[in-house]
Amino acid sequence: GQQLNQSPQSMFIQEGEDVSMNCTSSSIFNTWLWYKQDPGEGPVLLIALYKAGELTSNGRLTAQFGITRKDSFLNISASIPSDVGIYFCAGQGGTSGTYKYIFGTGTRLKVLA
Amino acid sequence: DVKVTQSSRYLVKRTGEKVFLECVQDMDHENMFWYRQDPGLGLRLIYFSYDVKMKEKGDIPEGYSVSREKKERFSLILESASTNQTSMYLCASSPPGGGSSTEAFFGQGTRLTVV
């Protein structure tokens, strides 16, 4: 199945630093979603984006829906140790089909205290 | 809060056994999904259901079947478990496509080991 290109694959950062990751696709989406997954757990929804150009925040997290509808980025400001985990993007709708979610390959984040 | 609950966190089954993974959601969502997640392969869609008794094959349906007799419950069945079905299984639910909200919510996952 199709996967979205997500980068970076992994990153080690110091506590307090800002983090940025992005997802790109060859397909157009109507919705972009960002999830976080802790080891051994299911993904938890962080942010949902519905309009091209939309910028949405959730606490220290900010995500944007790319203007071309083919990309999205997620920023985490002032990282803390509990930010550790795998972050996934997902695109839905558009040329992928109404119901189908296409997931990114994930960004593994490690925060050094 | 939306809740998607998978019946087991961990399962160990023997090769050849019939295995049932259960998923229940409490948000009256029309769509329900079963994925498996393997290192390096990401999330792969096994089956999808958009209504009671309706199902569609995903990307990797071989060796699996599903049942959706009630809107809130979606079961994944491994007809004859094999070691290559050892994986993390994730259930998700979402409202129907085309609406104002199309967020998918996941269960906590079932780590299945087939020995």
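Whatever comes next refers back to the structure up there.
Counting starts from 1 at the beginning of each chain's written sequence and moves along it residue by residue. Note on labels: chains are lettered from A, ligands numbered from 1, in written order. Per-residue local features of the predicted model are confined to residues with pLDDT of at least 70, and side-chain atom pairs are confined, for both listing and counting, to 80 or more; whole-chain, interface and lining totals are unaffected and use all residues. Values shown for side chains rest on all heavy atoms present in the structure; no hydrogens or waters enter the calculation.

**Thoughts on the interface of chain A and chain B**
When checking whether two residues touch, look at their non-hydrogen atoms; a contact exists if any pair is within 4.5 Å. Taken residue by residue, the interface counts 20 residues in chain A and 27 residues in chain B. Interface of chain A and chain B: buried area, both sides summed, is about 1,900 Å²; carbon and sulfur atoms make up 55% of it. We define a salt bridge as a side-chain nitrogen of Lys or Arg found within 4 Å of a carboxyl oxygen belonging to Asp or Glu. At the surface where chain A touches chain B, the tally comes to 2 salt bridges. In this structure, Glu41(A) and Arg9(B) form a salt bridge, with 3.0 Å as the shortest nitrogen-oxygen distance. Contributions of two or more residues to the side of chain A that touches chain B are made by strand S4 (31-37), strand S5 (44-49), strand S9 (85-92) and strand S10 (101-103) of chain A. Labels follow the DSSP assignment, with helices taken as runs of H or I lasting at least four residues and strands as runs of E lasting at least two, numbered in each case from the N terminus. For the side of chain A that touches chain B, the element with the highest residue contribution is S4(A), accounting for 4 residues. Per-class residue counts for the side of chain A that touches chain B are 10 nonpolar, 8 polar and 2 charged. Take the accessible area each of two parts loses on contact, using a 1.4 Å probe, and add the two losses: that sum is the buried area. Each residue receives one of three labels: charged for Asp, Glu, Lys and Arg, nonpolar for Ala, Val, Leu, Ile, Met, Phe, Trp, Tyr, Cys and Pro, and polar for the others, Gly being one of them.

**Quick word on the environment of Leu90(B)**
Mapped onto the elements of the fold, Leu90(B) is located in strand S9 (residues 87-94). For the pair formed by Leu90(B) and Cys23(B), sequence separation is 67 residues and the distance between their alpha carbons is 9.1 Å.

**Some details on the packing of aromatic side chains**
Ring geometry is summarised as follows: Phe, Tyr and Trp rings, the Trp one being its six-membered ring, pair when their centres sit within 6.5 Å, and such pairs are stacked at plane angles under 30 degrees, edge-to-face over 60 and tilted between the two. Evaluation of the coordinates by the stated rule reveals 11 aromatic pairs over all chains. Judged by centre distance (5.4 Å) and plane angle (80°), the rings of Tyr101(A) and Phe33(B) are edge-to-face. Here Phe33(B) lies in strand S4 (residues 31-38) and Tyr101(A) lies in strand S10, a pairing that spans two chains. In this pair, the class of Tyr101(A) matches that of Phe33(B), namely buried. Burial classes follow relative accessibility: with a 1.4 Å probe on protein chains only, a residue under 20% of its type's maximum area counts as buried, one over 50% as exposed, and anything between as partly exposed.

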